[in-house]
Amino acid sequence: QVQPVESGGGLAQAGGSPRLSCAASDLSIYTMGWFRRAPGKEREFVAGINWSGDSTFYANSVKGRFTILRDNAKNTVYLQMNSLKTEDTAVYYCTVVYCPGLVCLPSSRHNWGQGTQVTVSS
């Protein structure tokens, strides 16, 4: 099982551009995704990337602002966040996913990371 470890969160200004990282041994062979859970809301899909990095998937709410990237040599997946909005405030998680359509779903066979908090101030 892949055991992701997320990092890179913190306090950011609206309009800022932080980058989140998700590291795990052996994630290079998996399609990976980012999800987030805002206060009082359900966890939602943010972005996904296939193992080779040539297919990416985004939620409409982040399309054009966030970019998912991966470096398989480092067993790391990134979420480059641009043009941050206060509504992007959430705990961000990564996990192994499958993408049957335009969005991705978490694999039940793999673990979630502990998440990394992103707080956007106006």
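Above this text is the structure in question.
What counts and how
- Residues numbered from 1 in each chain as written.
- Predicted model: local features only at pLDDT ≥ 70, side-chain atom pairs only at ≥ 80, totals over all residues.
- Heavy atoms only, no water.
- Buried < 20%, exposed > 50% of the residue type's maximum accessible area, 1.4 Å probe, protein only.
- Helix = DSSP H or I, 4+ residues; strand = E, 2+ residues; numbered from the N terminus.
- Pairing = 2+ DSSP bridges.
- Salt bridge = Lys/Arg side-chain N within 4 Å of Asp/Glu carboxyl O.

Student: Now, about the pairing of strand β5 (residues 44-49): what can you tell me, with residues and values included?
Tutor: For β5, a buried count of five out of six residues is recorded, marking the element as mostly surrounded by other parts of the structure. In terms of strand pairing, strand β4 (residues 32-37) meets β5 through five bridges, oriented antiparallel. Along β5, the bridge assignment pairs Met32 with Ile49. Linking β4 back to β5 in an antiparallel pair, the connection comprises six residues, with Gly40 at a positive phi of about 75°. The hairpin turn running from β5 into strand β6 (residues 56-58), its antiparallel successor, is six residues long, and Gly53 in that turn takes a positive phi close to 90°.

Student: So what's going on with the pattern of salt bridges? Residues and values would help.
Tutor: As enumerated under the stated definition, the model contains three salt bridges in all. Of the charged contacts in the structure, one is a salt bridge between Asp88 and Arg36, with a shortest N-O distance of 2.9 Å. Taken together, the residues span a long stretch of sequence, with Asp88 in the loop between β8 (76-81) and β9 (90-98) and Arg36 in strand β4 at a distance of 52 residues. Across the pair Arg65 and Asp88 runs a salt bridge whose closest N-O atoms are separated by 2.8 Å. Pair noted here: Arg65 is in the loop between β6 and β7 (66-71) and Asp88 is in the loop between β8 and β9, with a separation of 23 residues, a long-range link. We classify Arg65 as buried; its relative accessible area is 10%.

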